[in-house]
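Chains, contacts and geometry: an overview
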Amino acid sequence: MAKVSRSPWLLHYDGSSCNGCDIEVLACLTPVYDAERLGIINTGDPMQADIFLITGGINTQNQAVVKQLYDQMPRPKVVVAVGVCACTGGIFKECYNILGGADTVIPVDIYVPGCAARPQAIIDGIVKAVALFQQRSEEHDRLVKEGGKGAAVNG
Amino acid sequence: MGKRSVIPFGPQHPVLPEPIHLDLVVEDEKVVEAIPSVGFVHRGLESLVTKKDFNTMAYVAERTCGICSFMHGMGYCECVENMMGVEVPIRAKFLRTIWSEMSRVHSHLLWLGLLADGFGHENLFYQCWRIRERILDMLEMTTGGRCIFSVNQVGGVLKDIPDDMLKSIEEAITDIEAELKVVQKTLLYDYTVKSRLCGVGILTKEQAHDLGTVGPFMRASGIKSDMRLRGYDAYPYLDFEPITSDDCDCYARCDVRTREIFQAIDLIRQAIAKMPSETDLAVQVKDKPSGEYFMRVEQPRGEAVYYTKGNGSMFLDRMRIRTPTFANLPGLCETLKGADLADVGLLVITIDPCVSCTER
Amino acid sequence: MDNKCPENVLEVIQTSELLVKVMEKKKQGLRLAQACAAVTEGHTQLSYSFANDEDFGLTTLRIVLEDNEEVPSITEIIPYAFFYENEMKELFGVNIKMINLDYNNKLYRIEEDTPFLPKGKEEA
């Protein structure tokens, strides 16, 4: 990523995580790790968000919630799965109520490993997401300019 | 009488880091009734006992919740140890106490930050979390993890804290104490904070008892009870009194938790000073568990009950964790009755909800 | 150390005695610390633990159920027990009658019925 020309907003949702990754995501946004220096800002509103940060696996009840949050986000969007539970289901994979990682309901672009994921790893994931978002936005803008088919890209 | 309507609160909500859903029956601006519905984080963790043996379950128990992870691992291990009649070496008991109290400091600071964020004091939120990083550094230095430590095993602990690390812990908690005193001035005596918290969400002493609340939520309503007085781990060797307040409101809960941080810092100091010189960290556990036991420990959020039942094989029959938030939810619903709609977010935060614990 | 708390006590009782015993505990000023179910040797057993916040004792009432036996709800006496009872009902399929706030097996809203019962033993 050579230069940042956009400031994506970030939405965080806790799937069925144990909280470990959640507090690390929050710790990332507070002074010591300060991910906001990358130009992102944390928001609680899916309609204004560009990057979807999801922690924890998918269970039968939050399946619909995650899908809805994803659908409410405007295109283009980037999804980051934080922690091993969001990646694959992790230690809870064998539990009766867990369907698997975040990619069982929505397309995931970036996987951040760790149990709990370390702030450094999360920041790394966010940097990758910012770069990907920039790339997708440019593509989106180009397609819109060419013929208003922007809605066709990036699902 | 105004018109009644139902407002859904959550699961995704700006004040909540975790998903919980409340159906609020409101009359104009006043909440008449709140019906909680849980299950967004339900994983079925307790059912893993049939798939993982009792030693491995210590790591699963730890992942009940990432905030009080150490205490969950410890509670489970102590429950199994008691069930099997294993006596843990004295140094392991002291180490567990130190890590427990460090977890308490980190959890309460986290909560104070979230509370500040809940009533709109962004700066205070950042300050609390900045101070908290210091204790996380110490936890990382001694255990290797920031959230999940994995230092408990059935029979003792896996890692020792050498003397030089004990020294740096002492230095760190002295710094934290000094910094917290500065933040405390705003947190407890600032006019804006007081006007937001005082007299909001009253839960009387009788109600607190009748609804079975636990932990700081209960102590802020004037009930003097603390599971640490039961005398598990190294607590019988340490000197402390439960912290209570008679105000019964949100301010009292904030006050109790702030003072508990200072208490926890004092307990760490005492434990370091009385650290025994024995070097044994764990005893070998060769038997297979049978029998059953109820174990209670005081977590940052209150009393947690662990129940394990063995059947003489490597796999337990049942493990059950009753977490503090589970016991505090009826109390929360009571405080919500008659509250202003604008205070709902704040009230939910003051019980220090840990949804991931509650639903397991 | 002298402030050792009393050992845990376990009282095995009949289902019909449950409400009377729970009433007794409530009158003694005890707090319901937890209630849970477990399956052992083909039988479901329920445990209701009462904590004394003064001397830190813990008394557990235990009932062992026959197949599909009906259990009275204790929410009439201890209203906040509804969470525990709903949990037993949903995860273990315990037949509890008259819960004051009955979620009708929709507390956790899981898809699998009674996941904690051993396989092949589910009620038809």
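Summarised in this report is the structure supplied together with it. (Residues numbered from 1 in each chain as written. Chains lettered and ligands numbered in written order. Predicted model: local features only at pLDDT ≥ 70, side-chain atom pairs only at ≥ 80, totals over all residues. Heavy atoms only, no water.)

**Some thoughts on the nonpolar core**
The condition that has to hold: Only buried residues count toward a nonpolar core, which is a set of Ala, Val, Leu, Ile, Met, Phe, Trp, Tyr and Cys residues joined through side-chain atoms within 4.5 Å. Residue exposure (1.4 Å probe, protein chains only): buried if accessible area is under 20% of the type maximum, exposed if over 50%, otherwise partly exposed. We call two residues in contact whenever any of their non-hydrogen atoms come within 4.5 Å of each other.
Residues A:F52, B:Y76 and C:Y48 are the most contacted members of the largest nonpolar core, which totals 209 residues. Apart from residues no more than four positions distant in its own chain, B:Y76 is found in contact with B:F54, B:M57, B:A58, B:A61, B:V154, B:Y306, B:T308, B:L316 and B:M319. Counting eight residues, the second-largest nonpolar core is a separate cluster that includes B:F294, B:Y307, C:A38 and C:A51.

**What to know about the sheet that holds strand 6 (residues 290–299) of chain B**
Residues and elements named next belong to chain B. Stated precisely, the cut-off is as follows: Criterion used throughout: strands pair if DSSP finds at least two bridges between them. A run of H or I in DSSP becomes a helix once it reaches four residues, and a run of E becomes a strand once it reaches two; helices and strands are each numbered from the N terminus. For every element, the axis is a line fit to its C-alpha atoms; helices are fit only across the contacting stretch, and the angle between N-to-C directions ranges from 0 to 180 degrees.
Here we have three strands laid out as an open sheet, ordered 6-7-8, and antiparallel in their pairing. Two strands close off the open sheet at either side, each with one partner strand: strand 6 and strand 8 (318–322). Strand-to-strand twist of the sheet, defined as the mean angle between neighbouring strand axes without regard to direction, takes the value 10°. Bridge analysis of strand 7 (residues 302–311) against strand 8 gives five bridges, and the strand direction is antiparallel. The residue bridging V305 from the neighbouring strand is R322, located in strand 8.

**Quick notes on the packing of aromatic side chains**
Test applied: Note on aromatic contacts: the rings of Phe and Tyr and the six-membered ring of Trp form a pair at centre separations within 6.5 Å, being stacked when their planes are under 30 degrees apart, edge-to-face when over 60 apart, and tilted otherwise. A positively charged side chain is recorded as over a ring if its NZ (Lys) or CZ (Arg) lies within 6 Å of the ring centre. The angle to the ring normal must also be within 35 degrees.
Counted according to the given criterion, the structure contains eleven aromatic pairs over all chains. Seen from their ring centres, B:Y235 and B:F240 are 6.0 Å apart, and the 65° between their planes marks the pair as edge-to-face. Pair check on accessibility: B:Y235 and B:F240 agree, each one buried. An aromatic cluster is present here, built from B:F326, C:F82, C:F83 and C:Y84 joined pairwise through their rings. Stacked on the ring of B:W129, the Lys or Arg B:R132 has its end atom at 4.6 Å from the ring centre. Its end group placed over the ring of B:W111, B:R257 keeps NZ or CZ at 4.2 Å from the ring centre.

**Topic: the packing of helix 3 (residues 90–118) of chain B against helix 9 (residues 250–273) of chain B**
Residue and element names in this part refer to chain B. So the rule is basically this: Any angle that is under 35 degrees is reported as roughly parallel, and any over 145 degrees as roughly antiparallel; angles of 65 to 115 degrees are reported as roughly perpendicular and all others as oblique. Two helices crossing with the near one rotated counterclockwise from the far one by less than a right angle form a left-handed crossing, whereas a clockwise rotation gives a right-handed crossing. Classes in brief: Ala, Val, Leu, Ile, Met, Phe, Trp, Tyr, Cys and Pro nonpolar; Asp, Glu, Lys and Arg charged; the others, Gly included, polar.
At their nearest, the axes of helix 3 and helix 9 sit 9 Å apart, and the two run at 155° to each other. Taken together, helix 3 and helix 9 sit at an angle that is classed as roughly antiparallel. When you trace helix 3 past helix 9, the crossing you get is left-handed. Within the contact between the two elements, helix 3 uses F94, I98, E101, M102, R104, V105, H108, L109, W111, L112 and L115 and helix 9 uses R253, C254, R257, T258, E260, I261, A264, I265, L267, I268, A271 and I272. Among the residues forming the contact of helix 3 with helix 9, the class breakdown is 16 nonpolar, two polar and five charged.

**Some remarks on helix 1 (residues 20–29) of chain A**
Within helix 1 of chain A, ten of the ten residues are buried, which leaves it mostly tucked inside the rest of the structure. What helix 1 of chain A keeps buried is the set A:G20, A:C21, A:D22, A:I23, A:E24, A:V25, A:L26, A:A27, A:C28 and A:L29.

**Observations concerning the sheet that holds strand 2 (residues 31–40) of chain C**
Residues and elements named next belong to chain C. A sheet is described by the order of its strands in space; here four strands give the open sequence 1-4-3-2, paired in mixed fashion. The strands lining the two open edges of the sheet, one partner per strand, are strand 1 (9–12) and strand 2. Each adjacent strand pair in this sheet contributes to an overall mean axis angle of 20°, direction not counted. Note: strand 1 against strand 4 (residues 58–64), four bridges, orientation parallel.

**Observations concerning the state of the cysteines**
Put simply, the rule is: The definition used for a disulfide is geometric: two cysteine sulfur atoms within 2.5 Å.
Per the stated rule, a full pass over the model turns up zero disulfides over all chains. Not engaged in a disulfide, the cysteine A:C85 finds its nearest cysteine sulfur in A:C115; these two sulfurs lie 5.8 Å apart. For A:C85, a relative accessible area of 13% puts it in the buried group. B:C77 carries a free sulfur, and the closest cysteine sulfur to it, the one in B:C79, is 10.0 Å from it. Among the residues examined, B:C77 registers a relative accessible area of 0% and is labelled buried.

**Considering the environment of C:Y80**
Operational definition: Pairs of N or O atoms are called polar contacts if they sit within 3.5 Å, as long as, within protein, a hydrogen donor faces a hydrogen acceptor (for residues adjacent in sequence, only side-chain-to-side-chain pairs).
Topologically, C:Y80 is positioned in the loop between strand 5 (70–72) and helix 2 (82–92). Overall, C:Y80 belongs to the buried group, its relative accessible area being 6%. For the pair C:Y80 and C:L32, spaced 48 residues apart in sequence, the C-alpha to C-alpha distance is 8.8 Å. Residues within four places of C:Y80 in sequence aside, it is in contact with B:D210, B:L211, B:G212, B:P330, C:R31 and C:L32. Only 3.1 Å separates the side chain of C:Y80 from the backbone nitrogen of C:L32, close enough to count as a polar contact.

**Looking at the interface of chain A and chain B**
Let me state the cut-off plainly: A quick way to say it: buried area is the sum, across both parts, of accessible area lost when two parts are put together, with a 1.4 Å probe. The rule for a salt bridge is simple: a side-chain nitrogen of Lys or Arg has to be within 4 Å of a carboxyl oxygen of Asp or Glu.
Taken together, the 38 residues of chain A in the interface contact 38 residues of chain B. Buried area between chain A and chain B, summed over both chains or domains, comes out near 3,200 Å², and the portion from carbon and sulfur atoms is 61%. It is A:I23, A:I91 and A:E94 that lose the most area in chain A upon contact with chain B, and together they represent 17% of the buried surface on that side. Our count for the chain A to chain B interface comes out at three salt bridges. Of the charged contacts in the structure, one is a salt bridge between B:E140 and A:R118, with a shortest N-O distance of 2.6 Å. Taken together, chain A and chain B are joined by seven residue pairs in polar contact (both at pLDDT 80 or more). Those elements giving two or more residues to the side of chain A that touches chain B turn out to be strand 1 (9–14), helix 1 and helix 2 (62–72) of chain A. Ranked by residues supplied to the side of chain A that touches chain B, first place goes to helix 1 of chain A with six residues. A per-class count over the side of chain A that touches chain B returns 21 nonpolar, twelve polar and five charged.

**Comments concerning the interface of chain C and chain A**
On the chain A side, the residues contacting the eight residues of chain C number four residues. Note on chain C versus chain A: buried area summed over both sides is about 530 Å², and carbon and sulfur give 52% of it. Among the residues making up the side of chain C that touches chain A, the classes are represented as five nonpolar, no polar and three charged.

**Observations concerning the pairing of strand 3 (residues 30–37) of chain B**
In terms of strand pairing, strand 2 (residues 21–27) of chain B meets strand 3 of chain B through seven bridges, oriented antiparallel. In the strand pairing of strand 3 of chain B, B:D23 is matched with B:I35.

**Re the environment of B:L110**
With respect to the helices and strands, the residue B:L110 is situated in helix 3. Here the alpha-carbon distance between B:L110 and B:I67, two residues 43 residues apart in the chain, equals 8.9 Å.

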